[in-house]
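Structural overview for review
This is what each chain is made of:
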Amino acid sequence: MLTYILRRILATIPVMVVVALIVFSLIYLDPSDPAAANAGDQATAEDIARIREAMGLNKSFGVRFGEWTWGILHGDLGRSILTKLPVSGMIAQRIEPTLSLMVLTLVLAIVVAVPMGVIAAWTRGTWIDTAIMSLAVVGFSAPVFVVGYVLIYFFALQWDLLPVQGYTPIARGFWPWLENLILPSLALGFIYIALIARITRASMLEVLSQDYIRTAHAKGVARSDILFLHALKNAAVPIVTVIGIGIALLIGGAVVTESVFAIPGLGRLTLDSILRRDYPVIQGVVLLFSFVYVLVNLVIDVIYTFLDPRIRY
Amino acid sequence: MKLTRRTALKSLGATGLVGLGSFPMPALSQGAAAKTLKFVPQANLANFDPIWGTQYVVRNASALVWDTLYGVDANLMPQRQMVESEEVSGDGLTWTFKLRDGLKWHDGEKVTAKDCVASLARWTKRDSMGLLIGAVQQELTAVDDRTFKWVLSKPFPKMLLALAKNNTPCAFMMPARIAATDPFQQITEYVGSGPMKFAKGEWVPGAKAVFERFADYVPRAEPASWLAGGKRMYFDRIEWIIMPDAATASAALQNGEVDWWEIASTDLAPVLKKNKNIKLDIADPLGNIGSFRFNHLHPPFNNVKARLAVLTALSQEDYMRAVIGDDTNLWKTSASFFTPGTPLYTEAGGEILKGPRNIEAAKKLLAESGYKGEPITCVVAQDQPLLKPMGEVTADLLKKIGMTVDFVATDWGTVGARRAKKEPPGAAGGWHMFHTWHAGADCVTPASYVAIRGNGDKAWFGWPNIPTIETEVAAWFDAKTLDEEKAAIARLNKEAFANAVYAPTGFFQIYQAWRSNLDGVVKGPLPFFWDVKKA
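Report on the accompanying structure. (Residues numbered from 1 in each chain as written. Chains lettered and ligands numbered in written order. Predicted model: local features only at pLDDT ≥ 70, side-chain atom pairs only at ≥ 80, totals over all residues. Heavy atoms only, no water.)

Some details on unusual backbone geometry
With an omega of -10 degrees, the peptide bond between T168 of chain B and P169 of chain B qualifies as cis. Inspection of the secondary structure puts P169 of chain B in the loop between α6 (159-164) and α7 (176-179). In this structure, P300 of chain B follows P299 of chain B across a cis peptide bond, with omega equal to 0 degrees. Position of P300 of chain B among the secondary structure elements: in the loop between β13 (288-294) and α10 (304-313). Notably, R277 of chain A is not glycine yet its phi reads approximately 60 degrees, a positive angle. The topology assignment puts R277 of chain A in the loop between α11 (266-275) and α12 (279-307). Of note, A500 of chain B is a non-glycine position whose phi angle comes to about 45 degrees, a positive value. With respect to the element layout, A500 of chain B can be found in the loop between α16 (482-498) and β18 (503-508). Taking the relative accessible area as the measure of exposure, A500 of chain B reaches 0% and is therefore buried. (Helix = DSSP H or I, 4+ residues; strand = E, 2+ residues; numbered from the N terminus. Buried < 20%, exposed > 50% of the residue type's maximum accessible area, 1.4 Å probe, protein only.)

What to know about the interface of chain A and chain B
Taken residue by residue, the interface counts 54 residues in chain A and 62 residues in chain B. Of the roughly 4,900 Å² buried between chain A and chain B, counting both surfaces, carbon and sulfur atoms make up 55%. Where chain A touches chain B, the interface holds 1 salt bridge. The salt bridge involving R277 of chain A is made with D411 of chain B; its shortest N-O contact spans 2.7 Å. Across the contact surface, chain A and chain B share 12 residue pairs in polar contact (both at pLDDT 80 or more). Broken down by secondary-structure element, the contributors of at least two residues to the side of chain A that touches chain B are α2 (34-39), α3 (45-55), α5 (87-122), α7 (144-158), α8 (174-208), α10 (223-260) and α11 of chain A. Take the side of chain A that touches chain B: its biggest share by element is 7 residues, from α3 of chain A. (Contact = heavy atoms within 4.5 Å. Buried area = accessible area lost by both parts, 1.4 Å probe. Salt bridge = Lys/Arg side-chain N within 4 Å of Asp/Glu carboxyl O. Polar contact = N/O pair within 3.5 Å; in protein donor to acceptor, adjacent residues only side chain to side chain.)

Let's talk about α7 of chain A
A rise of 1.5 Å per residue sets the reference length of α7 of chain A, with its 15 residues, at 21 Å; its end C-alpha atoms lie 20 Å apart and thus fit the reference within 8%. Of all the bends found along α7 of chain A, the most pronounced is centred on I152 of chain A and spans about 30 degrees. Among the residues of α7 of chain A, those classed as buried are V144, V147, G148, L151, I152 and A156 of chain A. On its buried face, α7 of chain A is in contact with α8 and α10 of chain A together with α8 (246-254) of chain B. Once α7 of chain A finishes, D160 of chain A follows within two positions and takes phi at roughly 50 degrees, a positive value. (Expected span 1.5 Å × (residues − 1). Bend = angle between axes of the 7 residues up to and from the residue.)

Everything listed is a geometric property; what it means functionally is a separate question.
Structural data, given as structure tokens:
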């Protein structure tokens, strides 16, 4: 197993190299101009040309890629061409809010969705099943920003229970941290809950039709034990897979959620840097997201072996 | 502290979470809250060099941190700010400026004439008026610690206006070591002598910028008026909270999480008007002039008849209703290239935009221009709420007069790059027209009005080459009385219409909104934080 994990970690290196090359190439091919986008309306064409030169945008593809790669190999993601701040520092400033949002969403989604899926499977064909699956359809259909606005309207404006926007670092207290994240996590988690609940239900239905479940019933095993100890563990592989794939969904959703709730996270940093054509920052965050995704996949693969001992690599 | 459901919940949450180590609960005391202003700016503060980056949001933040030698007041007149006195020689060639005593930089050093000389040297390389002064500059030197001298080869009557103007880039003063930075490179140290210090450590670009009161700032004795007078700060801390989403900003203002929203969305204004805790008013009396630019280099718009054909059919009301809506407090038609309500405003030559629109006359002019149905590359930034509807109205207008439209829907970043291309439209990547708007503050005089210039290759995008416009711009710069200025501007407006330098699509204003416990918010071309208090 250890050899396998090491092999997988080493395999991330060529993946990251390919990602880096693709990200850099796509950005290089972008027809827009950060100098023009940021010089302001009063800037003349000559001003823009001089700013472009000062930003180093007139260098060839090879030189720019070489400098960037060399920097990365030395742990330096470069500097923002707009703020002149180190990209690594800008990312570090934004990691905590995004990580908090994603972890809380993930926990919320799993805690809510898995029991929902199990109950729906157990009560298949009843009104409970229909109600849960209807909720799942709504969850799938409602865009994150719509859910966000509805939550803000009721929980912040009408009932004055939670703040509209912002983020408080956890170092300043658990509740201030949590109260800023409840609505965003609910908004972002809605679609994720729907996805996991549906997969859980489908997977559970398959397992519940197996002979050993019938045997467990015949032996008089308690219903909750059958569901959560016997069936759920055997239904877990597809659920874990979906949770892993859903991380990408969360990253995409975080961009919208952070904008709606004004959370200073990596999603907003990505969006802002794309709109302002801040190339070093775009490259840095995309590389980070790719690395996280590769890492999550690795973790999921390892979890498989614990859930199903028959799986060997 | 007022007990609300949220504070009650917070206390409950804290109590329940003691075991998780949640105490102490951080909260601003009532006094501290009154000393902190939470402000939602118009855009992200993506860089912080008011000479390098000329975006308005950078200028607005800079006005807190850096001071100017002169400041324009609410009557658009230049007034002394850092300067104690000035003297101009009889021939108008030598200006001598003396600084106020006791001015300090945020690092505690004294403000000296050498700092101002270095700052002006940097500014004259980037600002349109600065460039004109630079072209006639013979000497710019410090005479002593508080005095510096500017010797010119030709009189420059608009000197004080140039140093006071609020158009970007403003002549902000910086310490000499910072001002020595190449004007095409950004500064990385943010030390000014303005009423607030920039808390660089708390800057999260795209999310937050923080300013702290500068205890050693000595305001002038006169009452504050825009960028002039005593800039008295009643807040220890001003937090700029960047909110990309208008609905969120509106909700945060309604919930009391922020105090002041610089640009309140027109769509959300009815909701805000109903809220008794919120005040809503015009943000900037100078407003904005919507526009689309023609590319004067390529057919058909290299022919004045094609440009006039478009103006003949253009209905400003259509544009304004599409862009701003039916709230006529916020917009009006204006047959002028200049800002309504300002001393030089004129509608001379603007008849082409008045009266019923004449599609047939436009079609006739277009035929005379030699237009043969080639696609018109109309570039429209879809991510800008003001520009998207403007582009759609233009596309409809062009079709009505018989033009074929190649509607290029893109984002502002791409427009910014594409509009700089002089290549022919179509496959070569050029353009025929793009949409934008001009701050009314820039359109008061030709001083910083790059969009009206007709100096060919050196002109703004579209590169109109109209010598008669340049003659009138020069006449305004040389004017010595208000009457002379008015006459020059009337002739300039007439020439600009006769040549259709660009298409003005109407004058519009935008709301600002603030919590009703905030006092002292004024209308202006930028948010003025001095004299604002929180009850």
